[in-house]
Amino acid sequence: MAIQLYSEHKVYDCTAQTFPLNSPFYLFFSFPESTLNFKFTSTILISFCLFLQFPSRKVEMGLTSSLQFRRRNNKTFLRIFMFLVLSCIPGRTNLCSNHSVSNPKDLPPSNPSDIRSSLVSLDLEGYISFDDVHNAAKDFGNRYQLPPLAILHPRSVSDISSMMKHIVHLGSTSNVTVAARGHGHSLQGQALAHQGVVIKMESLRSPDIRIYEGKQPYVDVSGGELWINILRETLKYGLSPKSWTDYLHLTVGGTLSNAGISGQAFKHGPQINNVYQLEIVTGKGEVVTCSEKRNSELFYSVLGGLGQFGIITRARIFLEPAPHMVKWIRVLYSDFSAFSRDQEHLISKEKTFDYVEGFVIINRTDLLNNWRSSFSPNDSTQASKFKSDGKTLYCLEVVKYFNPEEASSMNQETSKLLSELNYIRSTLFSSEVPYIEFLDRVHIAERKLRAKGLWEVPHPWLNLLIPKSSIFRFATEVFNNIIRSNNNGPILIYPVNQSKWIKHTSLITPNEDVFYLVAFLPSAVPNSSGKNDLEYLLKQNQRVMNFCRAANLHVKQYLPHYETQQEWKSHFSKRWETFAERKHVYDPLAILAPGQRIFQKTTTTTHSSPIQLSKSKETGSPQRYH
């Protein structure tokens, strides 16, 4: 039996011979000035207790009664001493400082109350709360209620690293997982961690957003910063990020973990295309700075990685000169082929609009009159004669950026581009608004819905990426036979040109240069029935997915959600092995982002690894796909 004491520099072994039975117990060590850990494994403890309780018969027979008496005294002393030592030893003790170090205890707790106590013992700049876990029990989708055990409100990256290392140390003795939560805008519980730890990333926001001007300007921001705040701050310097989402009250870490797609993506790629550098806390608690040239595998893994490999704590994002104004235009089509052909034409041109999106309108009444509150018709008389009742229409929405002194040339360019399109001429509506007002347009709608109590309702959204070769079949069936009305929310549809996108990220897209984002964004009205009912909308989504599978349209989900790992394997296809192998490297215990339901954390109640890798027949090593 041996007791092992170790520091960062040396290991000290003390065998049983250090404590002769017929001599007084006396132990003295001299250690270097460093932090020491006293580590007693279960095997060592059992061996030591057996040694004390069951001495050798040969030794016992050879002892005089006096020696036996002294032996019994020493044995009693040893038991008392070992009890005191084991009850007082901390997991980590700094002999040179009175500052406590936030490192987990050596004997990890296994039940919730002990885990809670261990979390409280962490030395953090921020704090951990237990009484407000209901605030992190649901997300924007509003379909799941899964309260965590605790919420971490970090004030520094080291807080997040300490928490991750602590949970890594708990290992398979607990089922505690971690979810990084931004603004809580996930749809299927992806930002939740049932009986785990939710990290409130907005607490990490630093007081300053650091902007660097020059030939290649960029902004340094916290992973918990909102995009709307970045926009407001960068505009003070006449700059802004290149690519956006439609809704700006989302965190940087949240959108970069998915992609960040909007109407600028055909030109600049998604937001994950426009990142220079990241700071990541991995599933092992390591803090790593990465870019395309430094720790590039982690960099590309995290971008679009659904939170599986690390928590984005800081990002460096490319900027470009920002315009002051935008010309915002909407036109209508009654024929889907003409609509999609014009969209594809616009995204293929070098000199084109700065934003191209579209949406589907099914059986809406008095549509153009509803637009008049924000847009002006090009021909009021003709617009008033247009009737949308009972029709399926397609709206092309485009934007041209400009500064006031460029208004004349902008109007000429816009007129030329519009002349190349085949829309219904009486439906041309336009507006000129400040750049920030256009980008923050969804927030205006949010305020109206909140006022009516219609924001915090279930949102059974479905986001699909559809190859160009399949879009006509999809539109014909879905918009004519499956979706009968969209009064409960918009249906977005627009193409992007993938040839300009970075290929190495974790984002999964169709295998064609041009594909469409189609987003069904309904809200289930409380206490409603029929087409606004949650169950009806969920079944409608399922009918759409069933058709895509039956017609073999090669559709991929954006913001994906699946129930089984086999479905995830189908989603990633040949890239699954690379995804799983990287998970094994950066989060081997599958602690991160449990709400995605891709991997399950290994515990003492599970008998298999959470990360299954196929083996190469020749080498027995995991296969790689590039």
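Keep in mind that what you see is a predicted model, and the values were worked out from it rather than measured.

Concerning the sheet that holds strand β7 (residues 197-200)
Spatial ordering of the open sheet is given by β4-β5-β7-β6, a layout of four strands whose pairing is mixed. On the outer flanks of this sheet lie β4 (127-129) and β6 (178-181), each paired with one strand and no other. Averaged over neighbouring strand pairs, the angle between their axes works out to 25° when direction is ignored. Pairing geometry for β4 and strand β5 (residues 150-153), over three bridges, is antiparallel.

What about helix α17 (residues 534-550)?
Given 3.6 residues to a turn, an α-helix orients residues that are three or four positions apart in the same direction. For α17, spanning 17 residues, the distance from its first C-alpha to its last is 24 Å, which sits close to the expected 24 Å at 1.5 Å a residue. Listing the buried residues of α17 in full gives Leu537, Gln540, Asn541, Val544, Met545, Phe547 and Cys548. End-on, the buried residues of α17 take up no more than an arc of 160°, which puts them together on one face. Across α17 from its buried face, at more than 90 degrees, point the exposed residues Lys539, Arg549 and Ala550. Where α17 is buried, its residues contact β19 (462-467), α16 (471-482), β21 (514-520) and β22 (556-557). Backbone nitrogen of Glu535 and a side-chain oxygen of the N-cap are separated by 3.1 Å at the start of α17; the cap is Asp533. Backbone geometry just after α17 places Asn552 at a positive phi near 55°.

Some remarks on the sheet that holds strand β18 (residues 429-434)
Spatial strand order, β16-β18-β14-β17-β15-β20-β21-β19-β22: nine strands in an open sheet with antiparallel pairing. The open sheet terminates on both sides in strands that have one partner only, identified here as β16 (376-377) and β22. Two strands pair when backbone bridges link them, and β19 and β22 are joined in this way by two bridges, in the antiparallel orientation. Directly across from Leu464, in β22, lies its bridge partner Gln557. The sheet strands contacting helix α13 (residues 407-419) are β14 (325-333), β17 (392-402) and β18, and the helix crosses β17 at an angle near 150°.

Some details on the nonpolar core
Residues Leu256, Leu278 and Leu332 are the most contacted members of the largest nonpolar core, which totals 83 residues. Among the domains, domain 1 (210-321) and domain 2 (325-560) are the pair contributing at least three residues each to this core. Ignoring sequence-local partners within four residues, the contact set of Leu256 consists of Gln271, Ile272, Val275, Leu278, Val302, Leu303, Gly304, Ile312 and Ala315. Core analysis: the next-biggest nonpolar cluster, separate from the first, contains 43 residues, Ile329, Leu428, Leu464 and Val544 among them.

Let's talk about helix α6 (residues 227-235)
Looking only at α6, the buried set comprises Trp227, Ile228, Ile230, Leu231 and Thr234. The buried residues of α6 occupy one face: seen down the axis, they fall within an arc of 160°. For α6, the secondary structure elements touched by its buried residues are β8 (210-212), β9 (218-222), β10 (239-241), α7 (252-256), β13 (310-321) and α14 (435-439).

Quick word on the pattern of salt bridges
Under the criterion given, the structure shown has 15 salt bridges. The salt bridge involving Arg582 is made with Glu297; its shortest N-O contact spans 3.8 Å. Taken together, the positions of Arg582 in helix α19 (residues 576-586) and Glu297 in helix α9 (residues 296-302) put the pair 285 residues apart, joining distant regions of the chain. Given a relative accessible area of 28%, Glu297 falls into the partly exposed group. Between Glu446 and Arg450 there is a salt bridge, with its nearest N and O atoms 2.8 Å apart. Of the two residues, Glu446 and Arg450 both sit in helix α15 (residues 441-451), four residues apart, roughly one turn of that helix. Among the residues examined, Glu446 registers a relative accessible area of 4% and is labelled buried. Bridged by salt links that share partners, the residues Lys349, Lys416 and Glu420 form one connected network.

Observations regarding the environment of Pro148
Mapped onto the secondary structure, Pro148 falls in the loop between β4 and β5. In this structure the C-alpha to C-alpha distance between Pro148 and Gly196, which are 48 residues apart in sequence, comes to 4.9 Å. Beyond its immediate sequence surroundings of up to four residues, Pro148 is in contact with Val133, Ala136, Ala137, Ala193, His194, Gln195, Gly196 and Val198.

Focus on the confidence of the model for the chain
With 78% of its residues at a pLDDT of 70 or more, the chain shows a mean pLDDT of 83. Predicted confidence for residues 1-67 stays below pLDDT 50, and this span has 89 contacts to residues more than four positions away or in other chains.

Structural notes on the pairing of strand β12 (residues 287-291)
Relative to β12, strand β11 (residues 275-282) runs antiparallel, the two sharing five bridges. Bridging from a neighbouring strand, Gln277 pairs with Ser291 of β12. Counting the residues that bridge the hairpin from β11 to β12 gives four residues, and of these Gly285 lies at a positive phi of roughly 90°.

Digging into the packing of aromatic side chains
Counted according to the given criterion, the structure contains 29 aromatic pairs. Considering the side-chain rings of Phe336 and Tyr394, the 5.3 Å spacing of their centres and the 65° angle between planes classify their relative orientation as edge-to-face. Of this pair, Phe336 sits in helix α10 (residues 336-348) while Tyr394 is found in strand β17, placing the two residues 58 residues apart along the sequence. What makes Phe336 buried here is its relative accessible area of 7%. Seen in terms of ring centroids, Phe339 and Tyr394 are 5.5 Å apart; in terms of plane orientation they differ by 25°. Their pairing is stacked. Taken together, the positions of Phe339 in helix α10 and Tyr394 in strand β17 put the pair 55 residues apart, joining distant regions of the chain.

About the criteria used
Residues numbered from 1 in each chain as written. Predicted model: local features only at pLDDT ≥ 70, side-chain atom pairs only at ≥ 80, totals over all residues. Heavy atoms only, no water. Pairing = 2+ DSSP bridges. Helix = DSSP H or I, 4+ residues; strand = E, 2+ residues; numbered from the N terminus. Axes fitted to C-alpha atoms, helices over the stretch in contact; angles between N-to-C directions. Expected span 1.5 Å × (residues − 1). Buried < 20%, exposed > 50% of the residue type's maximum accessible area, 1.4 Å probe, protein only. Arc of directions from axis to C-beta. Contact = heavy atoms within 4.5 Å. Polar contact = N/O pair within 3.5 Å; in protein donor to acceptor, adjacent residues only side chain to side chain. Core = buried A, V, L, I, M, F, W, Y, C linked by side-chain atoms within 4.5 Å. Domains from an automatic or database assignment. Salt bridge = Lys/Arg side-chain N within 4 Å of Asp/Glu carboxyl O. pLDDT = per-residue confidence, 0-100. Phe/Tyr/Trp six-rings, centres within 6.5 Å; stacked < 30°, edge-to-face > 60°.

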